[in-house]
Amino acid sequence: MQISFVTNAAAGDGAWVVGAMEGGALLPSAVRLDKASGGALTRALKYSRFTGKTGQMLEVLAPAGVKASRLLLVGLGKAESLDEKGLETLGAQIVGRLYTSGEIAARFEIDPPPTSKKGGGKVKKSELAAHLAFGAKLKSYAFDKYRTRNLDEYEKKLKTVRIVTADVAAAKKAHAGLAAVAEGIFLARDLVNEPPNILYPAEFARRAKAQLSKLGVKVEILGEADMKKRGFGALLGVGQGSDRESQLVVMQWNGGPKSKKGKNAAPVALVGKGVCFDSGGLSIKVGAGMQGMKGDMAGAACVTGTMLALATRKAKVNAVGVIGLVENMPDGGAFRPDDVLTSLSGQTIEVLNTDAEGRLVLADALTYTQRRFKPKFLIDLATLTGAIVQTLGYEHAGIFSNDDQLVQRVQAAGRYTGERVWQLPLDPFYDKMIRSKIADMKNIGGGNSGSITAAQFLLRFIEKGTVWAHLDIAGVAWQDGEQKPTIPSWGTGWGVRLLNRLVKDHYEA
Ligand code: BES
Ligand code: MN
Ligand code: ZN
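From a predicted model like this one, the values you see are computed outputs, not experimental measurements.

Asks: Would you mind going over the coordination of the manganese ion (ligand 2) with me for this structure?
Replies: Coordination angles at a metal have ideal targets, namely 109.5 degrees for four tetrahedral donors and 90 or 180 degrees for six octahedral donors. Listed as protein donors to the manganese ion (ligand 2) are Asp278 (OD), Asp355 (O), Asp355 (OD) and Glu357 (OE); their distances from the metal cover 2.0 to 2.2 Å. Around the manganese ion (ligand 2) sit six donor atoms; with metal-centred angles ranging over 72 to 170 degrees, the donor geometry is irregular. Read N to C, the donor residues that coordinate the manganese ion (ligand 2) are spaced as D-x76-D-x1-E. In this structure the zinc ion (ligand 3) is found 3.2 Å away from the manganese ion (ligand 2), and Asp278 serves as a bridging donor for the pair. Of this pair, Asp278 sits in strand S11 (residues 268-278) while Asp355 sits in the loop between strand S14 (348-350) and helix H12 (358-373), and the two are 77 residues apart along the sequence. The buried category is assigned to Asp278, whose relative accessible area is 3%. The class of Asp355 is partly exposed, set by a relative accessible area of 22%.

Now the structure itself:
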């Protein structure tokens with residue numbers, strides 16, 4: 001879908017989209033269009049239930065007096081509750097409606113009033129136009145490469161959207177950053193949606209390298225031999241039962257300042273769980289519980305997508321992404337419950353359940369990232385526990401951290417983007433639950449508070465001085481139920497917006 005910004009309200013066929021505030025008051029462009037069409041909107045309003053509430057729509061087909069194939073009046077709700085996120089949703093809802101209609105081109109002439117920023121000031125109209133465009137773009141995502149029949153049934157006909165705004169240059173500028181984020185989200189969604197026979201660790205690594213190196217990101221791939229030499233005993237243990245080779249991918253974007261010695265200043269670090277398929281291993285999952293486990297690499301997908309977004313918009317930050325890619329399978333070489341693994345950190349782990357594999361992969365990735373990069377902060381993302389889905393459902397990711405400021409920053413970015421997080425506790429009491437009878441720790445807690453004991457496990461691999469947060473994204477990485485307007489696919493691409501915003505707000509030079 002082609003999106004552009006124009007000042008000219010005149011020409012163009014297709015759908016003309018205008019807005020009204022809650023209570024039904026037409027915005028200026030809607031008033032103009034109403035007049036031009038001989039009162040088509042006011043006439044239609046008389047016979048409808050449209051009141052201007054957010055997302056409401058009123059459609060007039062083939063209006064007289066104007067070139068449009070249809071007029072679409074959309075509700076923007078109350079002026080005081082209109083924000084960037086709301087306009088994204090609206091942009092997506094409009095595109096959804098036009099997909100249903102089979103419209104090919106559209107002109108958004110909504111021009112919402114500037115909205116108040118939280119903490120004072122106004123969000124500029126050009127910004128609002130950019131977010132409307134961003135929402136429209138997010139809705140245009142589709143993962144249909146494996147459909148071969150009845151293609152017209154799935155075809156999205158809407159090809160061009162022109163957004164009318166007074167300051168085209170400012171809107172384009174605001175939109176450029178968001179368009180980069182959309183690319184990152186689309187990459188993350190593609191990776192999560194791909195079936196596991198296609199996207200195994202080496203293929204994931206190849207795609208990350210292909211997509212990122214052309215943007216100036218340095219991408220290194222470590223295979224099993226490399227990792228064995230270095231002592232990645234926990235990560236390699238998980239991959240042992242699979243025919244597919246485990247991989248570690250290290251991505252570096254150096255858009256930020258150099259330190260006095262000419263070296264790159266400490267980077268922000270993102271670490272992702274990349275279990276390309278989680279069968280549970282020998283502690284095998286039941287059939288229903290195994291479905292969807294192609295998505296168990298969503299943390300790694302988010303890290304890769306975020307790196308793509310940062311590099312595409314040339315963010316002034318030094319960022320590293322490290323992802324541990326494995327497949328958890330139960331062949332004759334598989335690691336067993338009762339095995340003891342020696343991690344890269346030197347700490348030993350008694351494996352009591354091979355299905356608690358994500359924390360093993362992360363453990364070594366965390367150690368490697370901290371020792372090599374000494375990051376400013378480190379955030380890991382993982383579809384780590386089913387327990388977080390029971391706790392928080394689908395609306396929040398769980399956040400665990402050793403640093404309150406980092407939590408507050410992530411929470412604020414979450415409120416802005418709609419990718420919200422909820423903090424859960426860490427406490428020595430929970431740490432006791434992973435004591436092992438024979439090794440430094442065991443990989444499960446036993447019974448209750450499963451998301452917390454998983455986080456306590458990770459904390460054991462956080463070194464002195466590292467500012468760290470862990471996001472358990474098992475409930476938000478994919479959606480089996482109702483789809484959100486801006487997320488028209490199973491894989492959500494969750495986290496790219498959040499992390500991009502976090503960097504933009506606090507860590508860019
Ligand atoms: N990948 C799963 C967690 C998961 C479950 C993600 C459901 C998304 C939806 C993880 O590797 C796992 O299997 N965790 C176990 C841990 C248990 C064995 C301690 C779980 O949550 O059951
Ligand atoms: Mn598992
Ligand atoms: Zn898993």
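Asks: Sorry, what's going on with the packing of helix H7 (residues 201-213) against helix H11 (residues 298-312) here?
Replies: Helix packing for two helices is described by the angle between their axes and how far apart those axes are. Where H7 contacts H11, the two axes come as close as 10 Å, and the packing angle between them is 10 degrees. When the interaxial angle is binned, H7 and H11 end up roughly parallel. Where H7 abuts H11, its residues Phe204, Ala208, Gln211 and Leu212 lie against Ala300, Ala301, Thr304, Met307 and Leu308. Looking at the contact of H7 with H11 residue by residue, the classes come out as seven nonpolar, two polar and no charged.

Asks: Sorry if this is basic, but what is going on with the pairing of strand S17 (residues 420-423) here?
Replies: As a general feature of sheets, a regular strand has side chains that alternate between the two faces. Summarising the sheet, strand S16 (residues 396-401) and S17 pair through four bridges and their orientation is parallel. Looking across to S17, one finds that Ala397 is bridged to Val421. In this view, the connection linking S16 to its parallel neighbour S17 by way of helix H14 (residues 404-417) has right-handed handedness.

Asks: I would appreciate a short explanation of the sheet that holds strand S1 (residues 2-6) in the present structure.
Replies: Read from one edge of the open sheet, six strands run S1-S8-S5-S2-S4-S3, paired in mixed fashion. The open sheet is flanked by S1 and strand S3 (57-61), the only strands paired with a single partner. Averaged over neighbouring strand pairs, the angle between their axes works out to 20 degrees when direction is ignored. Where strand S2 (residues 15-20) meets strand S4 (residues 70-75), six bridges bridge the pair, whose relative direction is parallel. Looking at S4, one finds that Val18 is bridged to Leu73. Each of S2 and S4 touches helix H1 (residues 28-36); the most contacted strand, S2, lies at about 125 degrees to it. The strands touched by helix H3 (residues 84-101) are S2, S3, S4 and strand S5 (105-108); relative to S4, the strand with the most contacts, the crossing angle is about 150 degrees.

Asks: What's the story with the sheet that holds strand S15 (residues 377-382) in this structure? I'm lost.
Replies: One key point about sheets: their strands pair by backbone hydrogen bonds, in either a parallel or an antiparallel sense. Across the sheet, which stays open at both edges, the eight strands sit in the order S9-S10-S12-S11-S15-S19-S16-S17 with mixed pairing between neighbours. Either end of the sheet is taken by a strand with one partner, and the two such strands are strand S9 (218-222) and S17. Along the sheet, successive strands turn relative to each other by an average axial angle of 20 degrees, direction set aside. In terms of strand pairing, strand S10 (residues 247-254) meets strand S12 (residues 318-328) through eight bridges, oriented antiparallel. When the sheet's bridge partners are listed, Val249 is paired in S12 with Ile323. Packing of H14 onto the sheet brings it into contact with S15, S16, S17 and strand S19 (468-472), and relative to S17 it is tilted by some 145 degrees. Contacts from helix H17 (residues 496-506) reach S11, S15, S17 and S19, with the element oriented near 170 degrees to S15.

Asks: Can you walk me through the site of ligand 1 in this structure?
Replies: Taken together, 16 residues surround ligand 1, and among them Lys285, Asp296, Asp355, Glu357 and Gly386 come closest. Within the side chain of Lys285, an N or O atom sits 2.8 Å from an oxygen atom of ligand 1. A total of 520 Å² of accessible area belongs to ligand 1 in isolation, and the protein chains cover 76% of it. Residue classes in the shell around ligand 1 are distributed as five nonpolar, four polar and seven charged.

Asks: Looking at this structure, I do not really get the packing of aromatic side chains. What am I missing?
Replies: Any two aromatic rings considered together are summarised by their centre-to-centre distance and by the angle between their planes. Applying the stated criterion to the full structure yields seven aromatic pairs. When the ring of Phe232 is compared with that of Tyr368, the centres are 5.6 Å apart and the planes differ by 50 degrees; the resulting orientation is tilted. With Phe232 in the loop between helix H8 (224-230) and helix H9 (233-239) and Tyr368 in helix H12, this residue pair connects regions lying 136 residues apart in the sequence. Accessibility classification places Phe232 together with Tyr368 in one group, the buried group.

Asks: How should I be thinking about the pattern of salt bridges in this particular structure?
Replies: Two side chains with opposite charge may pair up if their charged atoms get near one another. For the structure shown, the criterion picks out 28 salt bridges. Here Glu194 ties to Lys145 by a salt bridge, and the two come within 2.4 Å at their closest N and O atoms. Taken together, the positions of Glu194 in the loop between helix H6 (168-193) and H7 and Lys145 in the loop between helix H4 (125-139) and helix H5 (151-154) put the pair 49 residues apart, joining distant regions of the chain. Of the charged contacts in the structure, one is a salt bridge between Arg372 and Glu220, with a shortest N-O distance of 2.8 Å. Linking Arg372 in helix H12 with Glu220 in strand S9, this pair joins segments that are 152 residues apart in sequence. Taking the relative accessible area as the measure of exposure, Arg372 reaches 34% and is therefore partly exposed.

Definitions and limits used
Residues numbered from 1 in each chain as written. Chains lettered and ligands numbered in written order. Predicted model: local features only at pLDDT ≥ 70, side-chain atom pairs only at ≥ 80, totals over all residues. Heavy atoms only, no water. Donors = N, O, S within 2.8 Å, 3.2 Å for Na, K, Ca; no water. Tetrahedral: all angles 85-135°; square planar, octahedral: opposite > 155°, others 65-115°. Helix = DSSP H or I, 4+ residues; strand = E, 2+ residues; numbered from the N terminus. Buried < 20%, exposed > 50% of the residue type's maximum accessible area, 1.4 Å probe, protein only. Axes fitted to C-alpha atoms, helices over the stretch in contact; angles between N-to-C directions. Parallel < 35°, antiparallel > 145°, perpendicular 65-115°, else oblique. Contact = heavy atoms within 4.5 Å. Nonpolar A, V, L, I, M, F, W, Y, C, P; charged D, E, K, R; others polar. Pairing = 2+ DSSP bridges. Right-handed = clockwise from strand over helix to strand, strands pointing away. Near = heavy atom within 4 Å. Polar contact = N/O pair within 3.5 Å; in protein donor to acceptor, adjacent residues only side chain to side chain. Areas by Shrake-Rupley, 256 points an atom, 1.4 Å probe, with all protein chains shown as cover. Phe/Tyr/Trp six-rings, centres within 6.5 Å; stacked < 30°, edge-to-face > 60°. Salt bridge = Lys/Arg side-chain N within 4 Å of Asp/Glu carboxyl O.

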